[in-house]
Amino acid sequence: MPAELTYIRSARYHFQRATFQSPAIMTLLSLLVGILVLLCCAILALQIWIISECTCKHQVPSGSTPKISPPPSPQGSSCYADQSSHPTRAVSSPGPKCFRVTNIPPEWSNDDLLQSLRGFQPSLDHFDGPVSLYPACCDTTSQTALLNLKTCPEFFQDIGPDDTKHLKIQGQSLDKTVVLSVDSHFYDLTPLNKPEGEIVADVIAVTGLAGHAFGSWRDRGSRDMWLQDFLPQDFKNIRIMSYGYNSSLDGDSNNGLLDFRRHLVQQLENARSSDEAKNRHIIFVAHSLGGILILQALIQSKSRSVHQPILDSTRAIFFFGTPHQGLRTAELEDMVEDLSGGVETSRLRLLMQLRENSEFLETQRDALADIWPGRKIISFYEVEKTRVVQKLTEQTYQRNGELVEMVKKVSAQLYIPGEYRLPVERNHTELVKFPTRGNSTYQSVVYYMRHLFTSITCCMRSKSTLEPSESQKKLIEALNAPKVDAFIRNVENAANGTFTWFLEEQTFRSWTTAKQPSSLLIIGAPGQGKTVLSKFLLQHLKKKKLKNVMIIYFFCSDRDNSFNTVNSLLRSLVTQLLCGSAQVRKILKPYEKDPAKSVDSNDTLWEMFQAAIKDSCHNAMYCLIDGLDELEKHTDGKERTKFLFGLKELFATQTDPIGPQSSALKFLGTSRQIPEIVNKLRGLTRFDLKAKPEDLKIFVDQRISDLPESFGNELREQAARLLMDEAKGTFFLWVSIVVKRLENIDFPTVAGLKKTIEESSTDLDTLYDDIFRQINQRSEFAQKLVVWVVYGQRPLTLKELEAALATQMDSKDENSTKDHKTDLTSKSLASILGVILETTAEGFVHLIHQSAKDFIIDRNLFVNSSFGTNIDPNVYIAKVCMTYLNFDDFKLGHKNYKPKIEALKRSHPLLDYTARHWYSHIRNKSEVEHCFDLLLQIITPPSTLRFWSTVANIRPRDAYARDHPLDVATNADIEWLASYLLSTENKHIEVAKNELEYAMRFGSDSITAILLLSTHPDIQITEKAVATIAQKFDDGIMKLLLSTHSDVQITEPIVTAVAGNWGSGKEVMELLLSTHPDIQITEPIVTAAAGNAGSGKEVMERLLSTHPDIQITEKAMVTIAQKFDGGIMKLLLSTHPDIQITEPIVTAAAGNWGSGKEVMELLLSTHTDIQITEKAEAVATIAQKFDIGIMKLLLSTHPDIQITELIVTVAAGNAGSGKEVMELLLSTHPDIQITEPIVTAAAGNWGNPKEVMELLLSTDTDIQITEKAVAKIAQKFDGGIMKLLLSTHPDVQITEPIVTAAAKNRGNAMEVMELLLSTHPDIQITEPIVTAVAGNRGNAMEVMELLLSTHPDIQITEPIVTAAAGNAGSGKEVMELLLSTHPDIQITEPIVTAAAGNEKNAKEVMELLLSTHPDIQITEPIVTAAAGNWNGKQVMELLLSTHPNIQITEPIVTAAAGNKKNAKEVMELLL
């Protein structure tokens, strides 16, 4: 027991003892007790009379029950005491109650709290309800208790509905004093559970209008409050809080929505002030007005950086009957107005804000337009109607009026992508009251929350700084990804100021801002700057520091074999995903069991990539791949084709689900104009890149500035002019090559410059031909150097090239090469081959451009060189490598040589390259004859073989590991070596019976399998090996296998593997079905075929035609409907005529990316009995996505379908066929009501808005056109639509908002304004209208002239001039007009600030102002605006030249540093 309570009880005991020992005192006490009894009886009688005389009943629209006098508590139970302050409220009869006790010491238990309360009133000895003790929301040093009582004890009955009772418990010392606070209003945040473990999220419930933070969520019958009684049972590690605020309709509070919003934000800040809580995820649960309040709080968080974490942390909002487009308030407004005596109160103003189609709610929706991506929205709407309030007697109301939709379905939904919409079979008041844990609506809440918490938990792990586990590290090590960042460092940076225009291109902006999966393919000729642009864009994305976004990238390069294969690309991307996300590591955990096997096959790597890309912990996944044309350039291209096909398929199947599914994938690739690539990626947004003249100018200036000192300023200027004259229509590469040629001029002159530039053809092939003709005329050393750089499997260092060039065919060791060595430096290299070769900062040598390598290889320039003894350059390099590996320096025998390897690499620079790549320079068995003796020397002695294979990290396979060439050939996929070793020419190698299993297990290519099967028919074969062959290879390999092993069993896993074979699934399946006609086709096989992006269609056709009795499940049907075309569906329906076509199947077909129309036509025409309700997503999708044919077919097969407002609304927004679909709907359903949402959707139709609007206005002249709808039409359409509107609705009121909207019309403001002024000459031209005109970027000048001519007495105010000064379209012209017609305009600081921040013509407007008002004071805000202007350099130069004494302050420097376009130039000016 607390010491304070002991002290109180002791004091009370001594007082009682002293009292009862005195007779006089006892007599006096008896008299006082009698008087008190009489007084209490009188008070009680008076209260009963007041109750009977002053009954007043009120209706509450959203969030709680009506307040009926005698009123129940806001939660269904409350005790009201202060009747003088609430004349319409009476004392409640003792009944079920819930009270909140706050400021409880953290060490107290339930018993401690109850004993303390009993210290005030002994009658509290028996509580008849549970007492719940939770950690306080905002104070970590206290607790909060909820007392759920069946009856209200006398002690609590004097606590009024807005009162708080304070109980002071005095301890033995002042610092022990405890003050408990008791209330029943539950204002502010109230905790509802005690979390267990690490808290993953805050769930915050906000009640509605006149609601109660506890009672609004409590079921009347069961008395269960689901946020307290159910949710903590389902989720242990969340913190649940309820927010309460005084929004009762009969109160006298002056608080409005703005006050509620500010207080909620501050309460959230208080509750989340600790380091561990401030960035914790938030899930809001809102009822009615509570949803509006939450959105207002998010608007405040968005606009103020101090509150930004609240917005950033919000992961989801559960809306229950939130009136996004308003609710029915007419009866409520009448009641409030009546109760207030006709005075406009804050509550009346609040109801007006919540009216249907209120401007306030429209403004709110506009303000929130960009916050939805990355947040899950679940909207519940009521199905049952709610009774409105009805006046009974004077100031007496009861909810017994007509049944109405309090919040209409269209108002309770946001209609944003990814929103989940669910009906609830209850009225508005009962929408959030769940009687049991098994209630269907509650279970829906649990379903969505469970997915959210799974995602959040994953995200928390993903952001964890914990190192990968040992098994994860082994997987990353096994991936052995190429070092892409090191490669990118060697890519040239974009010249300062170049490519900035690309950031403003609409295609790029759309790609970055799209909230759904998006793609961009940049196509350009060689030398246009694709790779430099890719690096520039990658740096741009990284600098933006996008929240909760992951960026993965790869730069393909044929100059380095580590960067030109699909295998290396996938290894790199998967490694980046693994290292960047703990959630990805969890997803890929199954691959940790056998890392080496997991990364051997491209198919497995693709599976890993697909799985990893589904990391939902990121809002978006940016994937940038440069140089797709350099991928698999010297192969048959099959792997590249499969990769491109799979990549495109990712976009077709991506959705925006709630659970841990795919993040929005944003792919950007670059390539040359290669038909195969362009065709495979058809459908992706394409941008054709060509060097801009302004970029070339900047690039030329930069390169010229790097010329040697021997070029004086005059020569440099001359060189720049000559280059720009020739460079028109050329490319960056041409400039680079020509400048390098200029650098080689020993004694530069103007004549020499002209000669060099004129002789440098702008045709790339002609230019290369000239360069390499000169190289062939040079020494053998220069030719060898080019060969090593061109044909090397990766870029070599200067030291490696020194060793390679010094190694002769008769070299025996490192010492024997010294006489042939030359000191190769970047400077000496530049002097020899600087025009075509470059040296990186790390010392690697590479060609100036990929096109140079292509030129050499395509023309076989060095095939018959004298130094190569007339053999292919690759074979020459292979011979040098084998000679090097056969050095006596490496004859280490069976010694433990592993520790010596690193030392040998340092002393022998070419060792690593030769060991890893010698065999890559031999491409087929026929080339072996040129180096047969050398080959035997490095593969037959086990010690030599073991040495170089260990250096090359060709992994041993545990029990399979053997020191013989076939193991190495199989492990490293050396096809030509396996071919030679397994041929009849080889007499040295004995093939083991389990060799095929070994080869298939560890990733052999088809040549190894063919040779093993054809030359060694006694090889043992397992199911696993057969499945691998079935999935990886074509029918030739399988046919060979079946001919050599006719007794092989074709099992379900093998047929499933065939069904998933990307490249040859059809052919292999046909082979198996012809040789094994009794194969059972099971669901896994069908599912594998349905998921096969390569040959799935052909496989499915084959399966359906040969096995018409296949069992097709609904799940398989959904996949087929979504992924395949009408041909497959037609075949399926013919073989399975009795299959049930359900709504999920139809919905999947409607979402079919490429063949939706075809499949939908087939389903609707063949299955007229499909059950399709108006609630089906498919109907809305058809109306929104397809043309008139599908809708006509739907209506003919389902004539009784209800055409709801939602369906007509999305049809009005159909960008492709909106007019035709609307015509059909209006002709078949002439009683359709054209509502404001429909008109709004038509106005927002980006494809054919004018045609749809004309149809609506001409078809239904009775359309109710609201001011908001007219304003949209005035702002978006031309005069023709407005004229039609005015002719069909001649009595429409042309209000200020409508004229203001017309003034903002960028394309047709003049036409619309002329029409309005001619038809409504009495229009009042107000300041907002003229301000809108002044700021119109499209045709402000013409409209302003019109207004000044028709209304010459217009007052030109500061806001008008400010708008004109900031007009980025025609600001200068409008300012000139205003200054000429109103020369007495006062030029104030806001006007000049707007001019300084004008993004397009700040300099021109500022010059105009300075010339007409030379005494303008240039203040800090003005200079700050100029410094932050994206085109601020010019205006800053102007200000500094006219006002040299400007003080450069910290805000100005900060603004300049944050300038996204020209920070460097502005900073240089300032400094």
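Above this text you will find the structure in question.
Presented here is an overview of the structure given in this document. A quick note: this is a predicted structure, and the numbers were derived from the prediction, not measured.

1. Regarding the overall build of the chain
Then step 1. Of regular secondary structure, the chain possesses 71 helices and 24 strands.
Then step 2. For the chain, the proportion of its 1471 residues judged to be buried stands at 55%.
Then step 3. Split by element, the accessible area of the chain, about 63000 Å² in all, is 51% carbon and sulfur.

2. Thoughts on the environment of Thr-822
Then step 1. Within the element layout of this structure, Thr-822 appears in the loop between α30 (798–806) and α31 (826–833).
Then step 2. Given the relative accessible area of 35%, Thr-822 is considered partly exposed.
Then step 3. For the pair formed by Thr-822 and Phe-781, sequence separation is 41 residues and the distance between their alpha carbons is 10.0 Å.
Then step 4. Ignoring anything within four residues of it in the chain, the contact list for Thr-822 reads Phe-781 and Glu-802.

3. Points about the sheet that holds strand β22 (residues 796–797)
Then step 1. The three strands are arranged β22-β24-β23 in an open sheet whose pairing can be described as antiparallel. Each edge of the open sheet is held by one strand with a lone partner, namely β22 and β23 (837–839).
Then step 2. The pairing of β23 with strand β24 (residues 844–847) spans three bridges and is classified as antiparallel. What sits directly across from Leu-837, in β24, is Leu-847.

4. A closer look at unusual backbone geometry
Then step 1. Positive phi, close to 70°, is recorded for Asp-188, a residue that is not glycine.
Then step 2. Looking at the secondary structure, you find Asp-188 in strand β6 (residues 188–191).
Then step 3. With relative accessibility at 27%, the residue Asp-188 sits in the partly exposed group.
Then step 4. Of note, Asn-860 is a non-glycine position whose phi angle comes to about 50°, a positive value.

5. Remarks on the packing of helix α67 (residues 1402–1412) against helix α69 (residues 1432–1442)
Then step 1. Running from N to C, α67 and α69 cross one another at 25°; their axes reach a closest spacing of 8 Å. Accordingly, the angle class assigned to the pair α67 and α69 is roughly parallel. Crossing hand, α67 versus α69: right-handed. On α69, the residues that touch Ala-1402, Lys-1403, Met-1406, Glu-1407 and Leu-1410 of α67 are Gln-1434, Val-1435, Leu-1438, Leu-1439 and Thr-1442.

6. Regarding the pattern of salt bridges
Then step 1. All told, the structure shown has 42 salt bridges when counted by the stated rule.
Then step 2. Taking the shortest distance from any N to any O, the salt bridge between Arg-272 and Asp-202 comes out at 2.9 Å. Linking Arg-272 in the loop between α6 (257–271) and β9 (281–287) with Asp-202 in strand β7 (residues 201–206), this pair joins segments that are 70 residues apart in sequence. Like Arg-272, the residue Asp-202 is buried in the burial classification.
Then step 3. Salt-bridge contacts for Lys-755 lead to Glu-759; the nearest nitrogen and oxygen are separated by 2.8 Å. Taken together, the positions of Lys-755 and Glu-759, both in helix α27 (residues 750–759) and four residues apart, correspond to about one turn of that helix.

7. Concerning the nonpolar core
Then step 1. Ranked by size, the top nonpolar core spans 176 residues in total, and within it Trp-788, Ile-836, Trp-918 and Trp-948 carry the most contacts.
Then step 2. The leading source of residues in this core is helix α33 (residues 873–885), at nine residues.
Then step 3. Apart from residues lying up to four places away in sequence, Ile-836 is in contact with Tyr-768, Ile-771, Phe-772, Ile-775, His-846, Leu-847, Ile-848 and Ala-852.

8. Points about the side chain of Ser-379
Then step 1. Here Ser-379 shows up in strand β11 (residues 376–382).
Then step 2. Every residue in contact with Ser-379, bar those within four places of it in the chain, is listed here: Phe-319, Ala-412, Gln-413, Glu-419, Tyr-420, Arg-421 and Leu-422.

9. Comments concerning helix α17 (residues 530–544)
Then step 1. Its 15 residues give α17 an end-to-end C-alpha distance of 21 Å, which sits within 8% of 21 Å, the value for a rise of 1.5 Å per residue.
Then step 2. At the exit of α17 stands Lys-545, carrying a positive phi of roughly 50°.

10. Overview of a negative patch on the surface
Then step 1. Judged by side-chain charge, Glu-1220, Glu-1223, Glu-1251 and Glu-1254 come together as a negatively charged surface patch.
Then step 2. Secondary structure elements with two or more residues in the negative patch: α55 (1218–1228) and α57 (1249–1259).
Then step 3. As for its position among the elements, Glu-1251 is in helix α57.

11. Notes on the sheet that holds strand β10 (residues 314–320)
Then step 1. Spatially, the seven strands line up as an open sheet ordered β6-β8-β7-β9-β10-β11-β16, and their pairing is mixed. Edge positions in the sheet fall to β6 and β16 (420–424), since each of these pairs with one other strand and no more. The mean angle between the axes of side-by-side strands here comes to 20°, regardless of whether they run parallel or antiparallel.
Then step 2. Where β10 lies against β11, five bridges are found, and the strand directions are parallel. When the sheet's bridge partners are listed, Ala-316 is paired in β11 with Lys-376.
Then step 3. Contacting β6, β7, β8 (238–244) and β9, α6 crosses the sheet at an angle of about 150° to β8.
Then step 4. Packed onto the sheet, helix α7 (residues 289–303) meets β7, β8, β9 and β10 and runs at close to 145° relative to β9.

12. Thoughts on the pairing of strand β2 (residues 131–135)
Then step 1. Of all five residues making up β2, four are buried, and the element is well covered by its neighbours.
Then step 2. In this structure, β2 lies alongside strand β3 (residues 143–149), joined through five bridges in antiparallel fashion. Note that in β3 the partner of Ser-132 across the bridge is Leu-146.

13. Focus: the side chain of Arg-672
Then step 1. With respect to the helices and strands, Arg-672 occurs in the loop between β20 (664–671) and α23 (675–680).
Then step 2. Relative accessible area serves as the criterion here: at 14%, Arg-672 is assigned to the buried category.
Then step 3. A distance of 3.1 Å separates polar atoms of two side chains, one belonging to Arg-672 and the other to Asp-629.
Then step 4. Within the structure, the side chain of Arg-672 is placed 2.9 Å from the side chain of Asp-854, a separation counted as a polar contact.

14. Digging into helix α48 (residues 1114–1123)
Then step 1. Within α48, the full set of buried residues consists of Ala-1116, Met-1117, Ile-1120 and Ala-1121. Viewed along the axis of α48, the buried residues span an arc of 135°, placing them on a single side of the element.

15. Describing a positive patch on the surface
Then step 1. Together, Arg-1306, Arg-1337, Lys-1400 and Lys-1461 make up a region of like positive charge exposed at the surface.
Then step 2. For Lys-1461, the position within the fold is in the loop between α70 (1450–1457) and α71 (1463–1470).

16. Digging into the packing of aromatic side chains
Then step 1. With the rule as written, the count across this model stands at 36 aromatic pairs.
Then step 2. Centroid distance Trp-501 to Phe-687: 6.3 Å. Interplanar angle 35°. Geometry classified as tilted. Of this pair, Trp-501 sits in helix α15 (residues 500–503) while Phe-687 sits in strand β21 (residues 685–689), and the two are 186 residues apart along the sequence. Like Phe-687, Trp-501 is buried.

17. So, the packing of helix α65 (residues 1371–1381) against α67
Two quantities define a packed helix pair, namely the angle between the helix axes and the distance between the axes.
Then step 1. For the pair α65 and α67, the least separation of the axes is 8 Å and the interaxial angle reads 20°. By the angle class used here, α65 and α67 are roughly parallel. In this structure, the crossing between α65 and α67 has a hand that is right-handed. Contact with α65, carried on its side by Gly-1371, Lys-1372, Met-1375, Glu-1376 and Leu-1379, involves Glu-1404, Val-1405, Leu-1408, Leu-1409 and Thr-1412 of α67 and no other residues of that element.
Then step 2. Residues that form the contact of α65 with α67 fall into these classes: five nonpolar, two polar and three charged.

18. Overview of the environment of Ser-1155
Then step 1. Positionally, Ser-1155 belongs in the loop between α50 (1143–1150) and α51 (1156–1166).
Then step 2. In the structure, Ser-1155 is positioned 30 residues away from Asp-1125 in sequence and 5.2 Å away in space, judged by C-alpha atoms.
Then step 3. In this structure, Ser-1155 is in contact with Phe-1124 and Asp-1125, ignoring residues within four places of it in sequence.

Conventions used here
Residues numbered from 1 in each chain as written. Predicted model: local features only at pLDDT ≥ 70, side-chain atom pairs only at ≥ 80, totals over all residues. Heavy atoms only, no water. Helix = DSSP H or I, 4+ residues; strand = E, 2+ residues; numbered from the N terminus. Buried < 20%, exposed > 50% of the residue type's maximum accessible area, 1.4 Å probe, protein only. Areas by Shrake-Rupley, 256 points an atom, 1.4 Å probe, with all protein chains shown as cover. Contact = heavy atoms within 4.5 Å. Pairing = 2+ DSSP bridges. Axes fitted to C-alpha atoms, helices over the stretch in contact; angles between N-to-C directions. Parallel < 35°, antiparallel > 145°, perpendicular 65-115°, else oblique. Left-handed = near helix turned anticlockwise from the far one by under 90°. Salt bridge = Lys/Arg side-chain N within 4 Å of Asp/Glu carboxyl O. Core = buried A, V, L, I, M, F, W, Y, C linked by side-chain atoms within 4.5 Å. Expected span 1.5 Å × (residues − 1). Patch = residues over 30% accessible without salt bridge, like charges linked within 9 Å, V, L, I, M, F, W, Y side chains within 5 Å. Lys, Arg positive; Asp, Glu negative; His and termini not counted. Charge placed at Lys NZ, Arg CZ, Asp CG, Glu CD. Polar contact = N/O pair within 3.5 Å; in protein donor to acceptor, adjacent residues only side chain to side chain. Arc of directions from axis to C-beta. Phe/Tyr/Trp six-rings, centres within 6.5 Å; stacked < 30°, edge-to-face > 60°. Nonpolar A, V, L, I, M, F, W, Y, C, P; charged D, E, K, R; others polar.

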